[in-house]
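# Chain and residue survey
So you can see what is in the structure, the chains are spelled out below.
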Amino acid sequence: MATTATLDQIYTLLYSDVSDPFSILGGHEIKHDGKKVISIRCYEPEAEKVYVVEKSSGKEFEMEKVQKDGFFERIFLDRDQLFDYKFRKIFADGREVTVYDTYSFQPVISEEDLYLYNRGELHYAYNSLGSHPREVNGVKGILFAVWAPTARRISVVGDFNNWDGRFHMMRRRGSSGVWELFIPELEEGEIYKYEIFTSKRQVIVKMDPYAFSTELIPNTASYVYDLETYKWSDKEWLESRKDKSYRTGPVSIYEVHLGSWMRTAEGKMLSYRDLAHNLVEYVKDMGYTHIELLPIAEHPFGGSWGYQVTGYFAPTSRFGEPEDFMYFVDYCHQNGIAVILDWVPAHFPKDAHALAWYDGTCLYEHADPRQGEHTDWGTLIFNFGRNEVKNFLLANALFWLDKYHIDGLRIDAVASMLYLDYSKKDGQWLPNKYGGKENIDAIDFITYLNETIGRYYPEVMMIAEESTAWPRVSSPVHLGGLGFGYKWNMGWMNDMLRYMSQDPIYRKYHHNTLTFSILYAFSENFLLPLSHDEVVHGKGSLINKMPGSTWEKFANLRLLYSYMFAHPGKKLLFQGGDFAQSAEWNNDRSADWHLLNYEPHNLMHNFTRDLLHFYKNTPSMYEVDFDYRGFEWLDFNDWENSIVSFMRKDASGRKLLICAFNFTPVVRRGYRIGVPHEGFYSEVFNSDAGIYGGANIGNIGGVWADHWGVHGKDFSLPLTLPPLGAVFFSYELPEEEKAPEEAVEPEVAVAAEPSDSEQAPKKVIAKKKAASAKKKQEDKAKPAEKTKKS
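Residues numbered from 1 in each chain as written. Predicted model: local features only at pLDDT ≥ 70, side-chain atom pairs only at ≥ 80, totals over all residues. Heavy atoms only, no water.

## Structural notes on the overall build of the chain
The helix and strand tally for the chain stands at 14 helices and 38 strands. Overall size of the chain, expressed as C-alpha extent along the three principal axes, is 120 × 55 × 50 Å. Here the chain holds 790 residues, and 59% of them are scored as buried. Across the chain, the fraction of contacts at a sequence separation of at least 24, relative to all contacts at a separation of at least 6, is 71%. Of the accessible surface of the chain, which amounts to about 32400 Å², a share of 49% is contributed by carbon and sulfur atoms. Considering the chain, the positive charge centre built from 87 side chains and the negative charge centre built from 111 side chains are found 4 Å apart. (Helix = DSSP H or I, 4+ residues; strand = E, 2+ residues; numbered from the N terminus. Buried < 20%, exposed > 50% of the residue type's maximum accessible area, 1.4 Å probe, protein only. Contact = heavy atoms within 4.5 Å. Areas by Shrake-Rupley, 256 points an atom, 1.4 Å probe, with all protein chains shown as cover. Lys, Arg positive; Asp, Glu negative; His and termini not counted. Charge placed at Lys NZ, Arg CZ, Asp CG, Glu CD.)

## Quick word on empty space enclosed by the protein
The full count for this structure, using the stated rule, is six cavities of 30 Å³ or more. In this model, the largest cavity occupies a volume close to 170 Å³. Lining the largest cavity are 20 residues, and of these V535, Q575, G576, G577 and Q581 lie nearest its centre. Residues that form the lining of the largest cavity fall into these classes: nine nonpolar, nine polar and two charged. (1 Å grid on protein atoms, 1.4 Å probe; cavity = no way out; pocket = protein on both sides within 12 Å on 5 of 7 lines; lining within 4 Å. Points joined across faces, edges and corners; volume = space filled by probe spheres on them. Nonpolar A, V, L, I, M, F, W, Y, C, P; charged D, E, K, R; others polar.)

## Points about the confidence of the model for the chain
Note that predicted coordinates carrying low pLDDT should not be read in detail. Overall, the prediction assigns the chain a mean pLDDT of 92, with 93% of residues at 70 or greater. Counted against residues more than four places away or in other chains, residues 745–769, with its pLDDT under 50, gives 29 contacts. Scored below 50 in pLDDT, residues 779–790 makes 14 contacts in the model with residues more than four places away or belonging to other chains. (pLDDT = per-residue confidence, 0-100.)

## Here's the deal with the nonpolar core
Judged by nonpolar contacts, the single largest core of 201 residues is most densely connected at F325, F661 and F728. At 10 residues, helix α7 (residues 387–403) tops the list of elements feeding residues into this core. Excluding residues within four positions of it along the chain, F728 makes contact with S562, A566, F614, M621, L657, I658, C659, F661, S682, E683, V684 and F685. Within the second largest apolar cluster, 20 residues are counted, among which are I658, L719, F729 and L733. (Core = buried A, V, L, I, M, F, W, Y, C linked by side-chain atoms within 4.5 Å.)

## Looking at the environment of T468
As for its position among the elements, T468 is in the loop between β27 (461–464) and β28 (486–488). Residue classification places T468 among the partly exposed residues on the basis of a relative accessible area of 27%. For the pair T468 and V414, spaced 54 residues apart in sequence, the C-alpha to C-alpha distance is 9.4 Å. When neighbours within four sequence positions are excluded, T468 is seen to be in contact with A415, Y419 and K487. Polar contacts involving the side chain of T468 include one to the side chain of Y419, which spans 3.2 Å. (Polar contact = N/O pair within 3.5 Å; in protein donor to acceptor, adjacent residues only side chain to side chain.)

## Here we look at the environment of A211
Looking at the element boundaries, A211 is found in the loop between β15 (203–206) and β16 (213–214). A211 sits in the buried class, given a relative accessible area of 2%. As for A211 and S131, which are separated by 80 residues in sequence, their C-alpha atoms are 6.6 Å apart. Look past the residues within four positions of A211 in its chain and what remains in contact with it is Y192, S222, F313 and A314.

## Quick look at the pattern of salt bridges
In the structure shown here, the tally under the stated rule is 40 salt bridges. With a closest N to O distance of 3.0 Å, R173 and E111 form a salt bridge. With R173 in the loop between β12 (171–172) and β13 (178–184) and E111 in helix α2 (residues 111–119), this residue pair connects regions lying 62 residues apart in the sequence. Look at R173 and you get buried, because its relative accessible area is 8%. Using a relative accessible area of 58% as the deciding quantity, one classes E111 as exposed. (Salt bridge = Lys/Arg side-chain N within 4 Å of Asp/Glu carboxyl O.)

## Considering the packing of helix α10 (residues 490–500) against helix α12 (residues 550–566)
At a minimum axis distance of 11 Å, the contact between α10 and α12 shows a crossing angle of 150 degrees. As far as their axial angle goes, α12 and α10 are roughly antiparallel. Judged by the sense of rotation from one axis to the other, the crossing of α10 with α12 is right-handed. Touching W492, M496, L497 and M500 of α10 are N556, L559, L560, Y563 and M564, all from α12. Looking at the contact of α10 with α12, its residues break down into eight nonpolar, one polar and no charged. (Axes fitted to C-alpha atoms, helices over the stretch in contact; angles between N-to-C directions. Parallel < 35°, antiparallel > 145°, perpendicular 65-115°, else oblique. Left-handed = near helix turned anticlockwise from the far one by under 90°.)

## Thoughts on the packing of α12 against helix α13 (residues 599–616)
Helix-helix packing: each pair is described by the crossing angle between the helix axes and the interaxial distance. Closest axis-to-axis distance for the α12/α13 pair is 11 Å, and the angle between their directions is 10 degrees. The pairing of α12 with α13 is recorded here as roughly parallel in orientation. Of α13, the residues touching α12 (which contributes F554, L557, R558, Y561, S562 and F565) are P600, H601, M604, F607, T608, L611, L612 and Y615. Across the contact of α12 with α13, the residue classes tally to 10 nonpolar, three polar and one charged.

## Observations concerning the pairing of strand β3 (residues 47–54)
In terms of burial, β3 is largely enclosed, as six of its eight residues are buried. Sheet topology note: the β3/strand β7 (residues 85–91) ladder contains seven bridges and is antiparallel. Looking at the pairing, V53 lines up with K86 of β7. Joining the antiparallel neighbours β3 and strand β4 (residues 60–62) is a turn of five residues, in which G58 adopts a positive phi near 80 degrees. (Pairing = 2+ DSSP bridges.)

## Considering helix α1 (residues 7–14)
All of the buried residues in α1 are I10, L13 and L14. Viewed end-on, α1 has its buried residues packed into an arc of 95 degrees, placing them on one side of the element. The secondary structure elements touched by the buried residues of α1 are β2 (35–43), β5 (64–67) and β6 (71–76). Within two residues after α1, S16 carries a phi angle of roughly 50 degrees, on the positive side. (Arc of directions from axis to C-beta.)

See the structure below:
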């Protein structure tokens with residue numbers, strides 16, 4: 001009997017130029033010669049014979065080889081309806097296989113999901129697109145789905161079909177641009193790519209944008225990987241995270257590049273599991289609260305540090321498999337450490353195997369290079385105006401929070417997203433529809449992203465690396481903001497490093513650089529970074545930015561860190577900075593841990609550890625970071641001596657921390673700082689302590705405030721300020737003396753027992769209070785003494 005297929009159908013199949021192979025292959029109930037028949041077709045170029053095997057009876061029916069290149073068909077005249085079947089294929093070399101017919105399965109992805117995807121609203125798109133183990137009609141296999149709207153034909157290729165695009169051609173799902181194929185009996189662990197026959201009749205081979213795992217670089221194929229098999233042990237952490245408020249809690253972030261934090265003696269990178277134990281032990285000992293990882297999504301070039309991503313849904317295979325990274329995050333959580341990821345939605349590289357020109361057209365990027373390319377970086381810009389692109393990025397952000405339990409995302413290069421003219425000259429960019437330079441599509445995406453994340457994961461930190469004066473970056477969207485929780489304070493970082501690099505003799509001429517940040521400190525929810533960007537590309541290490549002799553360099557660095565941790569805002573420090581690594585960061589080798597064998601670096605390491613623990617245990621330093629009521633200048637005018645002092649307050653307003661900073665190498669004795677209350681102020685931290693390599697110049701445990709008013713206060717402390725040093729003093733106001741209206745957000749106050757160093761002996765304090773009260777009564781009858789400044 002002649003075939004029921006048309007010649008056009010056969011030849012589109014033979015030339016692999018078909019968008020709906022299901023309309024040709026598989027089983028069909030059709031009219032043939034005026035009769036209803038059952039036609040079952042198969043395309044198998046390598047087979048000598050193919051049999052249809054009826055599953056219910058086991059009967060076999062040989063198929064006719066209609067076309068010599070491998071088109072087989074069997075027509076059943078005596079069947080009323082299609083039946084369940086398999087194929088038995090016999091090859092020239094004698095091999096035989098019995099398999100399910102790929103083209104006998106109906107579509108899996110729902111029409112609703114496709115509709116939402118085209119609208120940009122399929123938030124968990126990674127559960128539909130990509131590759132997923134599925135069971136369809138009782139048959140296990142792998143579902144593949146990819147978005148490529150202009151392709152003429154797409155095939156799944158891999159070892160399982162000898163990378164031959166004639167097999168496993170996918171089905172186009174209507175006008176959605178999505179192609180899908182369920183391949184029965186395929187298992188997890190297969191490597192694959194998509195072979196795409198473009199609208200220009202070119203054949204290109206691409207990795208899966210939604211792949212959960214990839215081959216080890218330099219290979220670039222995707223792996224079928226099941227993310228549902230790992231057994232998490234961080235339920236307690238996730239539950240407690242919902243009740244945490246990082247805004248009123250301590251946040252000290254350790255920024256880490258996993259490939260260079262620590263390596264073996266042979267220079268090999270550690271695995272995710274080795275890093276989990278080594279890194280978490282270190283972070284806990286130091287007192288950090290968070291780990292922030294430079295991008296770990298798959299990237300081909302190590303020198304990009306992960307900022308040129310090709311596999312957005314795949315943790316890099318350099319350190320192990322996805323389950324190994326899950327173990328890393330899980331172990332962090334079990335040890336009370338939050339994990340933040342650097343996330344890169346601003347741009348992507350031009351690598352031929354990845355997103356660039358994905359279906360032969362500018363799919364994820366703009367076609368016009370004035371909109372679609374960062375010439376400085378050699379990368380492409382996402383087309384934020386395209387729903388499916390926005391859906392890709394939004395789903396990717398949710399993916400890391402959902403599948404990997406990530407606690408926060410630091411969004412890289414936000415400024416480059418907000419401005420159409422970012423790093424471009426006239427003529428290299430196109431204005432928006434209103435003639436402005438704002439990227440309206442990107443702004444819409446950012447606000448939609450933050451609103452959506454806030455709806456699903458309100459406790460997760462969303463942090464913007466935004467380097468301009470764009471307003472309200474960390475304000476809610478409904479109040480006109482971008483919706484981030486936090487913004488990197490790049491202005492503070494630049495000003496402080498510029499100020500600290502000055503020789504102390506000239507710092508008085510740059511005093512405003514030191515104090516300027518407080519003018520805008522509460523306009524955003526700021527995070528103070530001393531990040532990887534400041535110790536590369538010829539900028540030198542932090543310790544070598546400090547002027548002077550070796551002793552002065554280390555004293556200056558201790559002073560910088562002290563000022564940073566006392567300043568309003570959350571904190572971030574890059575690896576190596578905590579022990580004053582001398583060399584610039586090199587991503588190809590380990591941090592210089594051997595420096596801990598040398599006393600200055602070891603003592604600096606001890607200092608940073610103590611500062612981190614002191615910060616974490618002192619509510620005045622973090623509870624009111626984003627409100628002016630948690631900060632008060634005591635004196636910022638002493639530019640001549642390069643000295644500043646201020647007060648930090650906890651949420652109750654009762655626990656005060658007096659912070660004084662001397663940015664010159666001159667010891668200041670009897671230096672008066674005004675304070676609001678009488679009593680004993682315990683010296684609780686001194687950057688010049690001998691145990692840190694300092695000269696042990698300080699205030700022998702604390703100072704009593706006396707009735708010498710300065711700086712607009714009724715009392716003052718006669719302090720000894722160490723050279724290039726910071727000293728902190730603790731004072732707790734008795735509850736009966738605290739006016740309720742002075743409290744700041746009392747509902748988030750954190751109860752904490754004062755340490756021994758925060759208290760003088762009770763009897764001495766009581767005696768001093770009595771004497772002070774008596775003197776206060778006597779002073780009422782005397783004229784006020786003229787205040788003066790030391």
